[in-house]
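Reading the structure
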Amino acid sequence: MPELPEVETVRRGLVKLIKNKTIKQVKVIYPKIVVGDPLEFAQQLQNKKIESIGRRGKFLLFNFNQGVTMVSHLRMEGKYFVKSADKPLEKHTHVVFSFTDGLQLRYNDVRKFGRMQLVKTNSIAQLPNLAKLGPEPLSDQFVLPDFVQKLANKKKAIKAVLLDQTVVAGLGNIYADEVLWLSKIHPLTPAAKLSVKQISVLRQQIITELTAAVKAGGTTVRSYTDAFEHSGNFQFDLHVYGRQGQPCQRCGSQIVKIRVAQRGTHFCPNCQQVIK
DNA sequence: CATAGAACCTGCTAGC
DNA sequence: TGCTAGCAGGTTCTAT
């Protein structure tokens with residue numbers, strides 16, 4: 001479910017809830033969630049203390065003492081929340097981290113797409129999926145010349161390119177549709193056809209939109225909640241996602257839903273003209 | 001290499 | 001009411 005603003009909101013909640021806690025025991029209930037040997041995973045984490053929690057793109061980085069980091073991706077439906085150890089487990093809880101103070105961090109994931117793995121903190125950069133990530137959109141690494149360069153050799157639809165985490169990290173299906181509407185760019189436009197001016201506008205809209213969404217605690221349209229099990233508020237600020245058949249807030253034309261790169265894609269056929 | 005499509009999972013909803 | 005097809009904030013593997 002989560003894109004950058006939701007993952008960042010989860011991260012901030014987890015910092016408040018579990019930073020500095022020490023793990024007593026880890027139970028992996030559904031082994032496929034863990035990359036590598038689940039027993040080894042559990043063993044490695046025993047007696048480790050959570051020193052900080054970071055984020056890169058849509059990845060959460062739990063940094064433990066002794067140079068160990070748990071890299072965790074929530075994919076579509078992954079959630080973390082904290083419960084007292086005496087509370088019964090939820091149906092879709094697949095990994096349980098028990099702390100020395102009687103609380104538990106529980107990883108819950110209806111569709112079981114999420115993944116977590118342990119790596120040495122100092123070798124995180126070599127993890128293939130992290131190494132390939134594009135720049136953080138809300139950092140000064142996300143500069144126009146590089147963005148222009150990345151789009152220049154891509155013939156596929158700009159919507160598909162925005163979902164490609166090697167171009168820029170953190171956008172997903174909702175925010176991709178939103179930033180294209182804000183930039184008045186048709187989702188099917190081949191990326192290489194965009195002008196530098198359009199790419200400049202797009203970059204600025206990505207920054208503005210993600211910043212606003214983080215501030216609002218993310219978007220809840222389905223099942224997303226943060227680590228406090230609270231919904232986000234940015235769903236009230238969406239302009240096209242999920243609004244097919246409703247009037248465009250700029251021109252009044254009906255918002256249309258099509259399929260691009262296997263994903264539901266929403267846009268205004270009047271404001272967002274396709275360039276062939 | 002770049003791109004398109006299937007695969008990984010479960011639950012919910014619309015339609016018959 | 002009951003069943004089925006289709007869809008869901010993502011990524012990765014396979015085939016072309």
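For the structure, see preceding data.
Predicted model only: the values in this text are computed from it and were never measured.

Let's shift gears to the sheet that holds strand β8 (residues 115-120). Taking strand neighbours across the sheet as the criterion, the four strands line up as β2-β3-β4-β8 in an open arrangement whose pairing is antiparallel. Taken across any chain shown, the strands that pair with only one partner, and hence form the sheet edges, are β2 (50-56) and β8. The average undirected angle you get between the axes of adjacent strands in this sheet is 20°. Note that strand β3 (residues 59-64) and strand β4 (residues 68-73) share six bridges and pair antiparallel. Within the sheet, the bridge partner assigned to F62 lies in β4 and is M70. Along the sheet, helix α1 (residues 4-18) contacts β2 and β3; its crossing angle with β2, the most-contacted strand, is approximately 175°.

Looking now at the protein's contact with DNA strand B. Lining the immediate surroundings of DNA strand B are Y30, K32, K91, H92, V110, R111, K112, F113, K154, K155, K156 and Q262. Backbone sugar and phosphate groups make up 53% of those atoms of DNA strand B lying within 4 Å of the protein. A distance of 3.5 Å separates a sugar or linking oxygen of DNA strand B from a polar backbone atom of V110. Among the residues forming the surface near DNA strand B, the class breakdown is three nonpolar, two polar and seven charged.

Another aspect to go through is the side chain of T220. Relative to the helices and strands, T220 resides in the loop between α7 (196-215) and β9 (256-260). In terms of polar contacts, T220 uses its side chain to reach the backbone carbonyl oxygen of Y224, at 3.0 Å. Here G232 takes part through its backbone nitrogen, which lies 2.7 Å from a polar atom of the side chain of T220. When neighbours within four sequence positions are excluded, T220 is seen to be in contact with S231, G232 and Q235.

A word on the sheet that holds strand β1 (residues 23-28). Strand order in the open sheet formed by four strands is β1-β6-β7-β5, and the pairing between neighbours is antiparallel. What marks the edges here is a single partner per strand, and that holds for β1 and β5 (78-84). This sheet shows a mean twist of 20° between the axes of neighbouring strands, independent of strand direction. Along the sheet, α1 contacts β5, β6 (93-99) and β7 (103-109); its crossing angle with β5, the most-contacted strand, is approximately 20°. In the packing of helix α2 (residues 38-45) onto the sheet, the strands contacted are β1 and β6, and the crossing angle to β1 comes to about 170°.

Definitions and limits used
- Residues numbered from 1 in each chain as written.
- Chains lettered and ligands numbered in written order.
- Predicted model: local features only at pLDDT ≥ 70, side-chain atom pairs only at ≥ 80, totals over all residues.
- Heavy atoms only, no water.
- Pairing = 2+ DSSP bridges.
- Helix = DSSP H or I, 4+ residues; strand = E, 2+ residues; numbered from the N terminus.
- Axes fitted to C-alpha atoms, helices over the stretch in contact; angles between N-to-C directions.
- Contact = heavy atoms within 4.5 Å.
- Near = heavy atom within 4 Å.
- Polar contact = N/O pair within 3.5 Å; in protein donor to acceptor, adjacent residues only side chain to side chain.
- Nonpolar A, V, L, I, M, F, W, Y, C, P; charged D, E, K, R; others polar.

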